[in-house]
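Overview (structure and organization)
Listed here are the chains, written in short residue letters.
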Amino acid sequence: MKESFDIVICGGGISGLLATVCFGVKGYSVLCVEPSKKKVNLPNDFRSTALLQKSVAIFEQFDVWNDLLPYATPLKTMRIINVSSDKSPRTNFDFNSSDISDLPFGWNISNTKIKNFLKDKIESIPNAKIYFGNSIKDIFTRSSGARVTLNDNRNIETNFIIGADGKNSFVRNFFKIKCNQKKFSQIGLAFTVEHSTSHKNISTEIYMSGGPFTLVPLEDKNGKHRSAVVWMDAKTKVEDLLQMDRKTFQKAVNNRSCEIMGKLKVTSEVSSWPIVSQLSKSFYAQRTALLAEAAHVFPPIGAQGLNTSIADISTLLDLSKDYELGSDKMLVKYNRLRKRNIEIKLAGINTLNTVSIADTQWMNDIRQNTLKLLHEIKPIRTKLMEYGMRFL
């Protein structure tokens, strides 16, 4: 028997789950197809996400934020520390949310919490479903609609397909949409730590050669101060780190943090992934939109990745008010509204990461002087913060 949904979403990561919630609450019938077979406990992810103000507004609009708020930590200051070649901190540059808003920049929360609450929300929406342990193996589109075939041979009729299935997107590859990819000679590490000093709602990025070491505040637990760490460094160095025993690795973590938060204790497993940036040459095909990492991949700097993906979803929601769902007019406008803005932002993030990798003294001086300029001239500082907060 054929099934029919207004929208079929390929991929049950945060972006796919959030799109399912948003369109489901709006009254569309939505199917999310997710290859993972874990129906109760979604896979652990030791990363966290800083949800910026406008992203939080989307979570509020669709009645998810109140459930997440007890697990969210406000981010009131972004602190950048540039470190000289002798590994002693040179200068702190603080960017305070109070300069531009009465609210924090955003709120940090673990990816696993977000996924689990979104999954629970979907289960409460009668016109939304998730098929776990399944994937799309074939797509057929025409001007009037589309059909997807799942790996269990079920055929699903739909008006609109959303590819939210990651940087190696099946949907993007099915339509032979090429993408530009920049590979950095870096690997990212993510884990959580306890520390002896309170983070005071300050997110701290420590720059030295190889890439930034970022401590993002988490809620205290059992009286312990906690942060999520994202550490980007040279591939060869990270490969060595991953071979260390726990005690040696923890010593390396404390050395790299310059003990800004006091002594750090690693309290989770460590996940790793290669650092790349990627941009799809088109964000759409017939009856199909690409969003999140199927369309764009950011290095983990400045909390741009997921927040940009949420802006993708918001744009599609807005366009669905004025255009036929999945129509050419809707998708052409989506591509026009999203692609150029993301190109500009991705170029800036790539440049910042390239500068952060450099290990020469003159590049360190450029980084130092640029940060000083951005920080000390208030109109530039506030414009920079406002730009980083924009819902692109």
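Quick note: structure is the one above.
This section reports on the structure supplied with the text. Owing to the predicted nature of the structure, the values given are computational and were not obtained by experimental measurement.

We now examine unusual backbone geometry. Phi is positive for Asn222, close to 55°, though the residue is something other than glycine. Position of Asn222 among the secondary structure elements: in the loop between strand 14 (211-221) and strand 15 (224-234). With phi around 50°, Glu259 is a residue other than glycine that occupies positive phi space. For Glu259, the position within the fold is in the loop between helix 7 (246-257) and strand 16 (264-266). By relative accessible area, which is 37% here, Glu259 ends up partly exposed.

Moving on: the state of the cysteines. A covalent bond between the sulfur atoms of two cysteines is referred to as a disulfide. The tally for this structure, following the rule as stated, stands at 0 disulfides. Of all cysteine sulfurs, the one in Cys32 lies closest to Cys10, which takes part in no disulfide; the gap is 8.4 Å. On the basis of relative accessible area, Cys10 is assigned to the buried category, the value being 8%.

In this section: the side chain of Thr149. With respect to the secondary-structure elements, Thr149 resides in strand 10 (residues 145-150). Within the structure, Thr149 has its side chain in polar contact with the side chain of Asn155 (distance 2.8 Å). In contact with Thr149, other than residues within four places in its own chain, are Ser135, Ile136, Lys137, Asp138, Arg154 and Asn155.

Here we take up helix 4 (residues 111-123). Taking 1.5 Å per residue, 13 residues should reach 18 Å; helix 4 reaches 19 Å between its end C-alpha atoms and fits that length. For helix 4, the full list of buried residues reads Asn111, Thr112, Ile114, Lys115, Leu118, Lys119, Lys121 and Ile122.

Helix 8 (residues 305-322) packs onto helix 1 (residues 14-25) with a crossing angle of 25° between their chain directions and a minimal axis gap of 10 Å. Considering their axes alone, helix 1 and helix 8 lie roughly parallel with respect to each other. For the pair helix 1 and helix 8, the crossing hand works out as right-handed. Across from Ile14, Ser15, Leu18, Ala19, Cys22 and Phe23 in helix 1, the residues of helix 8 making contact are Leu306, Ser309, Ile310, Ile313, Leu316, Leu317 and Ser320. A breakdown of the residues in the contact of helix 1 with helix 8 according to their chemical character gives 10 nonpolar, 3 polar and no charged.

Its location among the elements puts Thr73 in strand 4 (residues 73-75). Accessibility expressed as a relative area gives 4% for Thr73, which makes it buried. At a separation of 2.8 Å, a polar atom in the side chain of Thr73 contacts the main-chain amide nitrogen of Glu219. Other than its neighbours up to four places away in sequence, Thr73 contacts Gly106, Trp107, Asn108, His199, Asn201, Pro217, Leu218 and Glu219.

All chains considered together, the criterion is met by 15 salt bridges. Two residues, Arg287 and Glu324, come together in a salt bridge whose shortest N-O distance is 2.8 Å. You can see Arg287 sitting in the loop between strand 18 (284-285) and strand 19 (288-290) and its partner Glu324 sitting in the loop between helix 8 and helix 9 (328-357), a full 37 residues away along the chain. According to the relative accessible area criterion, Arg287 is buried, its value standing at 2%. Among the charged side chains, a network of salt bridges with common partners joins Glu3, Asp152 and Arg154.

Turning our attention to the environment of Ile202. Mapping Ile202 onto the fold places it in strand 13 (residues 202-208). Each C-alpha atom, one on Ile202 and one on Leu75, is 6.0 Å from the other, the two residues being 127 residues apart in sequence. Not counting the four nearest positions on each side in its chain, Ile202 is found in contact with Thr77, Arg79, Leu215, Pro217 and Met261.

A word on the sheet that holds strand 3 (residues 48-52). With antiparallel pairing, the 3 strands of this open sheet are ordered in space as 3-7-4. Where the open sheet ends on each side, the last strands, each with one partner, are strand 3 and strand 4. Averaged over neighbouring strand pairs, the angle between their axes works out to 35° when direction is ignored. Alignment of strand 3 against strand 7 (residues 106-110), held across 5 bridges, turns out to be antiparallel. Paired with Ser48 across the two strands is Ser110, which belongs to strand 7. Packed onto the sheet, helix 2 (residues 53-61) meets strand 3 and strand 7 and runs at close to 90° relative to strand 3. In the packing of helix 4 onto the sheet, contacts are made with strand 3 and strand 7, and the angle to strand 7 comes to roughly 85°.

Cut-offs used in this document
- Residues numbered from 1 in each chain as written.
- Predicted model: local features only at pLDDT ≥ 70, side-chain atom pairs only at ≥ 80, totals over all residues.
- Heavy atoms only, no water.
- Helix = DSSP H or I, 4+ residues; strand = E, 2+ residues; numbered from the N terminus.
- Buried < 20%, exposed > 50% of the residue type's maximum accessible area, 1.4 Å probe, protein only.
- Disulfide = S-S within 2.5 Å.
- Polar contact = N/O pair within 3.5 Å; in protein donor to acceptor, adjacent residues only side chain to side chain.
- Contact = heavy atoms within 4.5 Å.
- Expected span 1.5 Å × (residues − 1).
- Axes fitted to C-alpha atoms, helices over the stretch in contact; angles between N-to-C directions.
- Parallel < 35°, antiparallel > 145°, perpendicular 65-115°, else oblique.
- Left-handed = near helix turned anticlockwise from the far one by under 90°.
- Nonpolar A, V, L, I, M, F, W, Y, C, P; charged D, E, K, R; others polar.
- Salt bridge = Lys/Arg side-chain N within 4 Å of Asp/Glu carboxyl O.
- Pairing = 2+ DSSP bridges.

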